[in-house]
Amino acid sequence: MASGFPVSSARRIHKELVALQAESVPGVTLKSGPTESTNDKFIDIVMEIKGAEGTVYNGETFDLRFRMNERYPFESPEVVFQGASVPLHPHVYSNGHICLSILGNDWSPALTIQSVCLSIVSMLSSCKEKKRPPDDQFYVRTASLNPKHTRWMYHDDTV
Amino acid sequence: MDDTPSTSRMDDVNMDQDDPDVHAPSTSSSAFGQAETGKGEKDGEKPKENLFECNICLDSPNDPVVSLCGHLFCWPCLHGWLEMRPEGHQTCPVCKAAISREKAIPLFGRHSKGEDPRNKAVPPRPQAQRTEQTRHANFNHNPDFTPFGFGGGNNGFHMTVGFGAFPFTFFAQTFGLLEAAPGHAQQGLVSKIFLWVAIILIFALIFIDL
């Protein structure tokens, strides 16, 4: 089945999933996947993350879709919020795209699905006021479906 | 790998890792069964965490190398990462310290042949693509810079040198003459003043025309 997808990438994703199941992190669970695209170009995984207690997202759950291409883990996965609930957050656009440096310039192959989920939970937790980014309307109208085609400016370290 | 005595330095390798992998048999995902059979001999034999795992493929390292910051990788994995980064911007995947091919130390166990893994041909890897960001910055700079230099910069430069310096030297010379002969007749002085007015007018005309 994984004929076209490189074995090394598939194997690493598999090992991550085994690790995810072996030691679960509270608020981060595997929802579905791995699903391979019909053309063997990428593998999709959907993670469910819960807003942490004591934060503005307490009690909310969000679906994060990870899309790993054949260069994973040398290239970052494409990570977007999907489904009906996209968190209202100054770095999350209403189409689900996330402005987070580790998903772009600061990606490292030592990062994993789990550590990315934790970073996003932490990014949500440090938010004090629920609001969309100021350029949300414009960005959502003009952006590509793939957030990696966007050249992000990482300017805000506080939230 | 398992016979190797564990040194304190090597223990650190895994401390930074968020997700120590557990060698448990596959429970899900038929899609990965095939990939698993490749190197899955250790499954079941060692259920606890393996301290010696490559930080990139999360597997027992093949041709192990260690960075100066103490992080363990397979040489093919680290090489793949170094290829992705432009020279001089190569960082350790775990701690972001500067690394390079020369600063990767090969590890030789008891039964290893002692061949430097860095000299081995590595499997074909994805070509570097992430260099484009620094290049883009340069491309953006150059077109901006060149027209600016030709446009205002050069013209302004010629004007000030060509016409600015010349009249000043001329003035200085005539002033020098004036001072050299202070006791001359009033008529001479009046004619000198007229000459001055004429000169100033001529220069004013030249400057206004330009």
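Residues numbered from 1 in each chain as written. Chains lettered and ligands numbered in written order. Predicted model: local features only at pLDDT ≥ 70, side-chain atom pairs only at ≥ 80, totals over all residues. Heavy atoms only, no water.

In the annotation of an unreviewed UniProt entry, the entry for chain B reads RING-type E3 ubiquitin transferase, and the organism field reads Ramazzottius varieornatus. UniProt annotates chain B under Pathway (unreviewed entry) with the comment "Protein modification; protein ubiquitination." Per its UniProt entry, chain B bears the Catalytic activity (unreviewed entry) comment "S-ubiquitinyl-[E2 ubiquitin-conjugating enzyme]-L-cysteine + [acceptor protein]-L-lysine = [E2 ubiquitin-conjugating enzyme]-L-cysteine + N(6)-ubiquitinyl-[acceptor protein]-L-lysine." (UniProt positions renumbered as here; feature names shortened; annotations may be inferred.)

As recorded in an unreviewed UniProt entry, chain A goes by N-terminal E2 ubiquitin-conjugating enzyme and comes from Ramazzottius varieornatus. UniProt annotates chain A under Sequence similarities (unreviewed entry) with the comment "Belongs to the ubiquitin-conjugating enzyme family."

> Can you break down the overall build of chain A residue by residue, with the values?
Summing up its helical and strand segments, chain A has three helices and four strands in all. Listed N to C, the secondary structure of chain A is α-β-β-β-β-α-α in terms of helices and strands. Among the 159 residues that make up chain A, the fraction classed as buried is 53%. Across chain A, the fraction of contacts at a sequence separation of at least 24, relative to all contacts at a separation of at least 6, is 61%. (Helix = DSSP H or I, 4+ residues; strand = E, 2+ residues; numbered from the N terminus. Buried < 20%, exposed > 50% of the residue type's maximum accessible area, 1.4 Å probe, protein only. Contact = heavy atoms within 4.5 Å.)

> Now, about the overall build of chain B: what can you tell me, with residues and values included?
Check the secondary structure of chain B and you find five helices and three strands. For chain B, the succession of helices and strands along the chain, N to C, is α-α-β-β-α-β-α-α. Expressed as a percentage of contacts within chain B between residues at least 6 apart in sequence, the contacts between residues at least 24 apart total 51%.

> So what's going on with the UniProt feature "active site" (unreviewed entry) in chain A? Residues and values would help.
Residue and element names in this part refer to chain A. Under the feature "active site" (unreviewed entry), the UniProt entry names C99. Structurally, C99 is set in the loop between β4 (78-82) and α2 (113-125). For C99, a relative accessible area of 13% translates into the label buried.

> Hey, could you go over the sheet that holds β4 of chain A for me, with residue numbers and the actual values?
Residues and elements named next belong to chain A. Spatial ordering of the open sheet is given by β1-β2-β3-β4, a layout of four strands whose pairing is antiparallel. The open sheet has two edge strands, β1 (28-36) and β4, and neither has a second partner. For this sheet, the mean inter-axis angle between neighbouring strands, taken without regard to orientation, is 20°. Direction of pairing for β1 relative to strand β2 (residues 42-50): antiparallel, over a ladder of six bridges. Note that in β2 the partner of L30 across the bridge is M47. On top of the sheet, helix α1 (residues 7-22) reaches β1, β2 and β3 (61-69); it is set at about 20° to β2, its chief contact. (Pairing = 2+ DSSP bridges. Axes fitted to C-alpha atoms, helices over the stretch in contact; angles between N-to-C directions.)

> Break down the UniProt feature "transmembrane region" (unreviewed entry) in chain B for me, with residues and values.
Per the UniProt record, "transmembrane region" (unreviewed entry) is found at residues 156-177 and 189-208 of chain B. Strand forms 0% of residues 189-208 of chain B and helix 100%; the C-alpha atoms that close the span are 28 Å apart.

> Tell me about the environment of A110 of chain A, and please be specific about residues and values.
Checked against the element boundaries, A110 of chain A lands in the loop between β4 and α2. Residues contacting A110 of chain A, with those up to four places away along its chain left out, are N55, P93 and V94 of chain B.

> How would you summarise the pairing of β2 of chain A if you had to cite specific residues and measurements?
Residues and elements named next belong to chain A. Between the end of β1 and the start of β2, which pair antiparallel, lie five residues, with D40 showing a positive phi angle near 65°. In this sheet, β3 lies alongside β2 in antiparallel orientation, the contact comprising nine bridges. Each bridged residue has a counterpart across the sheet, and for V46 the counterpart in β3 is R65.

> Explain the nonpolar core to me, and be specific about the residues and the numbers.
All names here are of chain A. Formed by 35 residues in total, the largest nonpolar core has its most connected members in I49, L64 and F66. Contributions of two or more residues to this core are made by α1, β2, β3, β4 and α2. Looking at this core element by element, the count peaks at seven residues for α2. In this structure, L64 is in contact with I45, V46, M47, I49, V79, V80, F81, I98, C117 and I120, ignoring residues within four places of it in sequence. (Core = buried A, V, L, I, M, F, W, Y, C linked by side-chain atoms within 4.5 Å.)

> Help me get a handle on the environment of G88 of chain B, residues and values and all.
Structurally, the position occupied by G88 of chain B is in the loop between α3 (75-84) and β3 (105-106). Residue class for G88 of chain B comes out exposed when judged on its relative accessible area of 69%.

> Any chance you could break down the pattern of salt bridges for me, citing the residues and the numbers?
All names here are of chain A. One pass over the structure, following the stated rule, counts 10 salt bridges over all chains. For D63, the salt bridge identified is with K31, shortest N-O distance 2.7 Å. On the criterion of sequence distance, the pair formed by D63 in strand β3 and K31 in strand β1 is long-range, its members being 32 residues apart. Among the salt bridges present, the one from E75 reaches R71, with a minimum N-O distance of 3.7 Å. (Salt bridge = Lys/Arg side-chain N within 4 Å of Asp/Glu carboxyl O.)

> Mind laying out the sheet that holds strand β2 (residues 72-74) of chain B, listing which residues take part and the relevant values?
Residue and element names in this part refer to chain B. Strand order in the open sheet formed by three strands is β2-β1-β3, and the pairing between neighbours is antiparallel. Edge positions in the sheet fall to β2 and β3, since each has one partner strand and no second. Lying on the sheet, α3 is in contact with β1 (64-66) and β2; it crosses β2 at an angle near 90°.

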